[in-house]
Amino acid sequence: MTQDELKAFVAQAATHYVQPGSVIGVGTGSTVNCFIDALAAMPQRIAAAVSSSQASTERLRAHGIEVVDANSVEQLAVYIDGADEIDHRGHMIKGGGAALTREKIVADLAQRFICIADESKLVATLGAFALPVEVIPMAAAQVGRRLRALGGTPLLRPGVLTDNGCPIIDVRGLRITDPLAMETEIDQWPGVVCVGIFARHKASLCLLGTAQGVRTLTF
């Protein structure tokens, strides 16, 4: 199977965790685009979605799926999103699509985070994928220096602003053996909006697309 076929495969599998008539959280990215298309094909539709990005909002609405503001809901049964990397404990790196802050907000509303990914995203240790850090513009240089002190090589993502109007620093060269500790530290630095480590809001389940079919990992 191609990577695109694997993404479509797990996206379809994720619809089995969606209750018709419910309000769910929907993430961002190429695998989630497949999931949105699969949602639209469900015989019984969801009531609405809380979206983590403008791009996903536009795709949902193009399929006639209502998108509601996160402030209008108290809780979501499920949040379905992809990952740039996921380890065997359900910790993830996210933010390759520049939606990490809103993804973490929607994940915080959800009782359950279901990650959908192809098998190339499963890793023993996070860090091969550059870690995104969304920052307030005036803090970019100082946050970069702090990231360098951790052993990383930070680089401002060129030409990219998030939906919140902030730049992203991508950090290469980190080996994240304790995701929760690193997330906690970076989140406390002045000027950091959000770090793309999802350890506090880790996946509770991962649907992993493999050549042999969908593999379900529970954390």
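The structure we're discussing is the one just above.
Each chain has its residues counted from 1, following the order in which its sequence is written. Predicted model: local features are reported for residues with pLDDT of at least 70 only, side-chain atom pairs are reported and counted for 80 or more only, and whole-chain, interface and lining totals are derived from all residues. Side-chain numbers here rest on the full set of heavy atoms in the structure, without hydrogens or water.

A.B. asks: Before we move on, can you summarise the sheet that holds strand 10 (residues 192–195) with the specific residues and values?
C.D. replies: Taken in spatial order, the four strands of this open sheet run 8-9-7-10, and their pairing is antiparallel. Of all the strands in the sheet, just strand 8 (153–156) and strand 10 have a single pairing partner and so form its edges. If you compare each strand with its neighbour and ignore which way they point, the axes differ by 25° on average. When strand 7 (residues 131–135) meets strand 9 (residues 168–172), the two strands line up antiparallel, connected through four bridges. Bridge pairing links L131 to V171 in strand 9. Two strands qualify as a pair provided DSSP detects at least 2 bridges between them. The helix and strand labels rest on DSSP assignments: H or I over at least four residues marks a helix, E over at least two residues marks a strand, and numbering proceeds from the N terminus. The axes used here are C-alpha line fits, helices contributing only the stretch in contact, and every angle between their N-to-C directions lies in the interval 0 to 180 degrees.

A.B. asks: Could you give an account of the state of the cysteines, with specific residues and numbers?
C.D. replies: Simply put, the disulfide is a covalent bond whose two ends are the sulfur atoms of two cysteines. Cysteine sulfurs are considered disulfide-paired once they come within 2.5 Å of each other. Applying the stated criterion across every chain yields a total of zero disulfides. With no disulfide of its own, C34 lies closest to C115 among cysteine sulfurs, the gap being 14 Å. Note on classification: 1.4 Å probe, protein chains only; a residue is buried when its accessible area is under 20% of the maximum for its type, exposed when over 50%, partly exposed between these limits. Its relative accessible area of 24% is what places C34 among the partly exposed residues. Lacking any disulfide linkage, C115 is separated from the closest cysteine sulfur, that of C206, by 4.1 Å.

Read these as spatial facts, not as claims about activity.
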